[in-house]
Amino acid sequence: MTSLDPRAPLVLDTRELGRRPGSQREVTLTAPAPADLGIEVLSVTEGSPVDIDLRLEAVMEGVLVTGTATAVVEGECARCLEPIREDIEVTFQELFEYDDTRHRERGDSEEDDETSRLEDDLLDLEPLLREAVVLALPFQPLCQPDCPGLCPDCGARLADDPDHAHEGAIDPRWSALAELNPEDQN
């Protein structure tokens, strides 16, 4: 288990809540986006601002974190490769359990892997933010819902030239028939 750096932009100190169930705190912050926040074709640029609004609420088992994050995602259209730049807003909620809870005593290693934990009353928002952003992004982002993509023959962007067409390709096995002229048959 690695120790969290309390100075990291996405690490929050929950000691102010005092482990008193029902106590809560509102937090608003702007943090630089961590590396690889997104998917291969659409992501938040590393270091760009991510605006986060949170409510930290102490409960019996730990701290319940509820919030929203807003950022700008950039990438390219999956059909025509045009640049995409748009705002994204994600919501998330996660229970961060105190590091001295009963789950550790039971030895449920499988459950421990899926449970978020506080480390010395510090919580790390990065995994929670990463999961929320990745799940909110489309698998194949498009520049517009009806993007026609690129011409499979020459690569021209079909949205720029809706009347784009090529002569029909002739199958080489039938090319000898193209040489026959019906007028020559008279």
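Refer to the structure above for everything that follows.
Note on numbering: residues in each chain are counted from 1, in written sequence order. At least 70 in pLDDT is required for a residue's local features to be given in this predicted model, at least 80 for side-chain atom pairs to be given and counted, and no such filter applies to totals for whole chains, interfaces and linings, which use all residues. Water and hydrogen atoms play no part in the side-chain values, which are based on all heavy atoms of the structure.

Draft legend 1. Unusual backbone geometry, seen in detail. Positive phi, close to 55°, is recorded for Arg19, a residue that is not glycine. Phi at Asp120 takes a positive value of approximately 55°, unusual for a residue other than glycine. By secondary structure assignment, the location of Asp120 is in the loop between strand S8 (116-117) and strand S9 (122-124). Residue burial is assigned from relative accessible area. The probe radius is 1.4 Å, only protein chains are included, and a residue is buried under 20% of its type maximum, exposed over 50%, and partly exposed in between. A relative accessible area of 58% places Asp120 in the exposed class. Elements are defined by DSSP. Helices are runs of H or I of four residues or more, strands are runs of E of two residues or more, and each kind is numbered from the N terminus.

Draft legend 2. Highlighting a nonpolar patch on the surface. To count toward a patch, a residue needs a relative accessible area above 30% and no salt bridge. Like charges then connect within 9 Å, nonpolar side chains (Val, Leu, Ile, Met, Phe, Trp, Tyr) within 5 Å. All accessible-area figures derive from a Shrake-Rupley calculation using a 1.4 Å probe, and residue coverage is judged against the displayed protein chains alone. One side-chain nitrogen of Lys or Arg within 4 Å of one carboxyl oxygen of Asp or Glu is enough to make a salt bridge. Taken together, the side chains of Ile170, Trp174, Leu177 and Leu180 present a nonpolar region at the surface, about 470 Å² in accessible area. Within the secondary structure, Ile170 is located in the loop between helix H3 (126-136) and helix H4 (175-178). For Ile170, a relative accessible area of 56% gives the class exposed.

Draft legend 3. View of H3. Buried residues of H3: Leu128, Leu129, Ala132 and Val133, and no others. Looking straight down H3, one finds its buried side chains confined to an arc of 125°; they lie on one side. Working rule for contacts: check all heavy atoms of both residues, and any pair within 4.5 Å makes them a contact. In the core, the buried residues of H3 are packed alongside strand S3 (37-39), strand S4 (42-44), strand S5 (49-58), strand S6 (62-76) and strand S7 (83-97). In this description, one arc is meant: the one made by directions from the helix axis to the C-beta atoms.

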